[in-house]
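Analysis of the macromolecular model
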Amino acid sequence: MTFVYNHLSGDTHMLNLVSIALLNLMAERTFTLDELAAAFPAHMDVSADECPPGVVWRLFDELDEVGLVERSGGA
């Protein structure tokens, strides 16, 4: 587990390795959600069957809910 402090909200979040990996991937460049869902399995070195798009979308939504990521106007 890794702790992440959000200086905007003042909240501290405990994240697992998968959540951290998704944040790290998003730090590389801007993605649409579909692009993120397509790129994440390779980033994690797993098959797309092991990490289907719905899993990535749900994880993104969870990070969005706690204010660690946000959708841009086009997403």
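The structure this text deals with has already been given above.
Residues numbered from 1 in each chain as written. Predicted model: local features only at pLDDT ≥ 70, side-chain atom pairs only at ≥ 80, totals over all residues. Heavy atoms only, no water.

1. A look at helix H1 (residues 17–28)
For H1, spanning twelve residues, the distance from its first C-alpha to its last is 17 Å, which sits close to the expected 16 Å at 1.5 Å a residue. All buried positions along H1 are accounted for by Ser19, Ile20, Ala21, Leu22, Leu25 and Met26. With a side-chain oxygen positioned 3.1 Å from the backbone nitrogen of Val18, the residue opening H1 is Asn16. (Helix = DSSP H or I, 4+ residues; strand = E, 2+ residues; numbered from the N terminus. Expected span 1.5 Å × (residues − 1). Buried < 20%, exposed > 50% of the residue type's maximum accessible area, 1.4 Å probe, protein only. Polar contact = N/O pair within 3.5 Å; in protein donor to acceptor, adjacent residues only side chain to side chain.)

2. Overview of helix H3 (residues 53–65)
Compared with an ideal rise of 1.5 Å per residue, which puts 13 residues at 18 Å, H3 spans 18 Å between its outermost C-alpha atoms and is within 8% of the ideal. Turning to H3, the residues buried within the fold contact strand S2 (11–15), H1 and helix H2 (33–44). Downstream of H3 by one or two residues, Gly67 has phi in the positive range, about 85°. (Contact = heavy atoms within 4.5 Å.)

3. Describing the environment of Pro41
Here Pro41 lies in helix H2. Assessed through its relative accessible area of 4%, Pro41 is described here as buried. When the C-alpha positions of Pro41 and Leu22 are compared, they lie 10.0 Å apart, and in sequence the two are 19 residues distant. Among all residues touching Pro41, those that are not within four sequence positions of it are Val46, Ser47, Ala48 and Cys51.

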